Amino acid sequence: MGLELNSIIKVQSYNFSPWFTNFNINIELTKFKKVHMLPIIYKNHLNEMLQNYTDDNRYYTDASKTEKGVGIAIINEILITRYKLPVNCSIYTAEVIAILKTIEHIYDHGNTHKNNTILTDSLSTLLSLKNTTNTTDLAKLIQQKIYELNNSGINITLIWVLGHNNMEGNEKANQEAKKAIELLDTPKLNITTFADTKNQIKELIEIKWQAHLTLVPYLAVAQELKTKHNPNTPNT
C-alpha cells in the first residue's frame, strides 16, 4: 500500500507542566488578516512589531505541497535549508516540521544567539502550539523542545505573518520550499504523523473500493456468459 509506518511520530508525553509554561507566540497581526490594506501598510505594522526583536536571530519558515511532493524551507541571513517530506504529509504537518527543524537548529547552535524569532504564515501551527490541553503530537514535541531551550537560557518567539503579501523573508521561504520539491538533491526527512497515515489509508481504501465497483458490472456479465455456455455451472 506504500505506507511508511516507521516514519510516524510517536505520541509524546509531557515531562513538564505546559499549562504553567509561557510560550512566546505572537499572533497580533491576525487582526489585519481579513482587512483589505495595501501591502506597504501591513509591512509597516510588521516592522513596527519587529522593533521589539531587533537583537534576535530571525528565521522564516514555509512549506509547499503540490502533485509532485511536499517540501519545507528554513531561511535566515546566512542559512537556507530545504527538506522533502513523505507525500502523504499534510500542509499542516509540513509547516509544523519546518518549525521543528528550525528549533532543532537553534538547539544545536544556541550558544551563538540567546534570542531567536521564527516567523511563519501558518496560523494553524501557532494555534496548536498555544494549545496546552489537547494538541497534536508534533506540537507537543515542539513545546517540549522550547521548554528545554528556555531552561537553558535560549528564548524562542514565534510570530504569525500574512503569507503571499510580498514580505521579503516569507516570500523567500516560500520559493525555497517549492525548490525543495523540484531539486533532485534535496535531503528527505522520513517523518509523518498518525493522522496523515490514517488519511492515506482512507484514500487507498477508497481507490480500491472504486476500482471494485467499476469491475462489478463486468464480473456480472462474465458470470452470465459463463452460465449460458455451461448451463450446469451453479449460480453464485
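Criteria and cut-off values
- Each chain carries its own residue numbering, running from 1 in the written order of its sequence.
- With the structure being a predicted model, the display of local features is reserved for residues of pLDDT at least 70 and the display and counting of side-chain atom pairs for 80 or more, all residues being used for whole-chain, interface and lining totals.
- Calculation of side-chain values draws on the structure's entire complement of heavy atoms; hydrogens and water are dropped beforehand.
- Without a salt bridge and with relative accessible area above 30%, a residue can belong to a patch; like charges are then joined within 9 Å and nonpolar side chains (Val, Leu, Ile, Met, Phe, Trp, Tyr) within 5 Å.
- Shrake-Rupley sampling with a 1.4 Å probe provides the accessible areas, and residues are treated as covered by the protein chains on show and by no other component.
- Note on definitions: salt bridges are taken to be side-chain nitrogens of Lys or Arg within 4 Å of carboxyl oxygens of Asp or Glu.
- Only runs of H or I of at least four residues qualify as helices and only runs of E of at least two qualify as strands under DSSP, and these elements are numbered from the N terminus.
- Only protein chains enter the accessibility calculation, which uses a 1.4 Å probe; a residue is then buried when its area is under 20% of its type maximum, exposed when over 50%, and partly exposed in between.
- Strand pairing is assigned whenever DSSP identifies at least 2 bridges connecting the two strands.
- Helix axes use the C-alpha atoms of the stretch in contact, all axes being lines fitted to C-alpha atoms, and the angles between their N-to-C directions lie in the range 0 to 180 degrees.
- Whether two residues are in contact is decided by their heavy atoms: any pair within 4.5 Å suffices.
- Only rings of Phe, Tyr and Trp enter the pairing, Trp through its six-membered ring, and a pair is recorded when the two centres are within 6.5 Å. The plane angle decides the type: under 30 degrees is stacked, over 60 is edge-to-face, the rest tilted.
- Note on terminology: angles under 35 degrees are roughly parallel, angles over 145 are roughly antiparallel, angles of 65 to 115 are roughly perpendicular, and the others are oblique.
- What makes a crossing left-handed is the near helix being turned counterclockwise from the far one by less than a right angle; a clockwise turn instead makes it right-handed.

### Examining a nonpolar patch on the surface
Residues Leu38, Ile40 and Ile41 make up a contiguous nonpolar surface patch of roughly 280 Å² in combined accessible area. As for its position among the elements, Leu38 is in the loop between β1 (24-26) and α1 (39-50). For Leu38, a relative accessible area of 54% gives the class exposed.

### Description of the sheet that holds β1
The sheet built from six strands is open, its strands ordered β1-β6-β5-β2-β3-β4 with mixed pairing. Single-partner strands in this sheet number two, and they are β1 and β4 (80-85). When strand polarity is set aside, the average angle formed by the axes of neighbouring strands in this sheet is 20°. Relative to strand β3 (residues 69-75), strand β2 (residues 57-66) runs antiparallel, the two being bridged by seven bridges. Looking at the pairing, Ala63 lines up with Ile72 of β3. Sheet strands in contact with α1 are β1, β2, β5 (115-120) and β6 (155-160), and its direction is about 165° off that of β6.

### A few points about the packing of aromatic side chains
Under the criterion given, the structure shown has two aromatic pairs. When the centroid spacing of 5.5 Å and the interplanar angle of 80° are considered together, the rings of Tyr14 and Phe16 count as edge-to-face. Its relative accessible area of 25% is what places Tyr14 among the partly exposed residues. Relative accessible area serves as the criterion here: at 9%, Phe16 is assigned to the buried category. Centre to centre, the rings of Phe16 and Tyr147 are 4.1 Å apart; their planes meet at 10°, and the pair counts as stacked. Of this pair, Phe16 sits in the segment before β1 while Tyr147 is found in helix α4 (residues 137-151), placing the two residues 131 residues apart along the sequence.

### Let's talk about helix α3 (residues 123-130)
All buried positions along α3 are accounted for by Leu123, Thr125, Leu126, Ser128 and Leu129. Among the structural elements, β1, α2 (91-108), β5, α4 and β6 are those in contact with the buried residues of α3.

### Some words on the packing of α2 against α3
Relative orientation of the contacting elements α2 and α3 amounts to 65°, with a least axis distance of 9 Å. Accordingly, the angle class assigned to the pair α2 and α3 is roughly perpendicular. Regarding α2 and α3, the two cross each other, and that crossing is right-handed. Taken together, the residues of α3 that come into contact with α2 (itself represented by Tyr92, Glu95, Val96 and Ile99) are Ser124, Thr125, Leu126 and Ser128.

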